[in-house]
Amino acid sequence: MNASSCLQGRFLTLLPRIEKVARYHFRDQRCPNQKADRIAEVIALAWKWFVELEQRGKEVARFVSVLASLAARAVRSGRRLAGMEPAKDVLSGRAQQRRGFQVISLPEDG
């Protein structure tokens, strides 16, 4: 068994707890697709941080809920695995949250 598969195995044992914490943090998200995206981002950030912490010799299993909560807070504030959402883009959820508005579809005439 190589080191990467061992690392993945340890993360997979923590994954249900990470997902549970992420679901709790985004329980108010009404759109199921956005909720799923945010939960996936939490898992992705948690994986990245897990690998970094394991490389530094930390025992992540002792504080997995804190790790997941911090990842959820980061995602809620606009952080993504590959950068951040633009703060000034009207379609950005981050801009909508910070400025207190919502973009909706126009009604279809039919």
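Further up the page is the structure itself.
We now turn to the structure provided with this report. Owing to the predicted nature of the structure, the values given are computational and were not obtained by experimental measurement. (Residues numbered from 1 in each chain as written. Predicted model: local features only at pLDDT ≥ 70, side-chain atom pairs only at ≥ 80, totals over all residues. Heavy atoms only, no water.)

**Re the packing of helix α1 (residues 3–25) against helix α3 (residues 64–76)**
- At a minimum axis distance of 9 Å, the contact between α1 and α3 shows a crossing angle of 40 degrees. With respect to α3, the element α1 is oriented oblique. Read as a crossing pair, α1 and α3 show a hand that is right-handed. Facing Leu14, Arg17, Ile18, Val21 and His25 of α1, the residues of α3 in contact are Val64, Ser65, Ala68, Ser69, Ala72 and Arg76.
- Grouping the amino acids of the contact of α1 with α3 by side-chain chemistry returns six nonpolar, three polar and two charged. (Axes fitted to C-alpha atoms, helices over the stretch in contact; angles between N-to-C directions. Helix = DSSP H or I, 4+ residues; strand = E, 2+ residues; numbered from the N terminus. Parallel < 35°, antiparallel > 145°, perpendicular 65-115°, else oblique. Left-handed = near helix turned anticlockwise from the far one by under 90°. Contact = heavy atoms within 4.5 Å. Nonpolar A, V, L, I, M, F, W, Y, C, P; charged D, E, K, R; others polar.)

**Focus: the pattern of salt bridges**
- Taken as a whole and judged by the stated rule, the model has three salt bridges.
- Here Glu19 and Arg23 are joined by a salt bridge, their closest N and O atoms 2.9 Å apart. Here the residue Glu19 and the residue Arg23 both occupy positions in helix α1, the gap between them amounting to four residues, near one helical turn.
- A residue is classified by how much of its surface remains accessible, and Arg23, at 45% relative accessible area, is partly exposed. (Salt bridge = Lys/Arg side-chain N within 4 Å of Asp/Glu carboxyl O. Buried < 20%, exposed > 50% of the residue type's maximum accessible area, 1.4 Å probe, protein only.)

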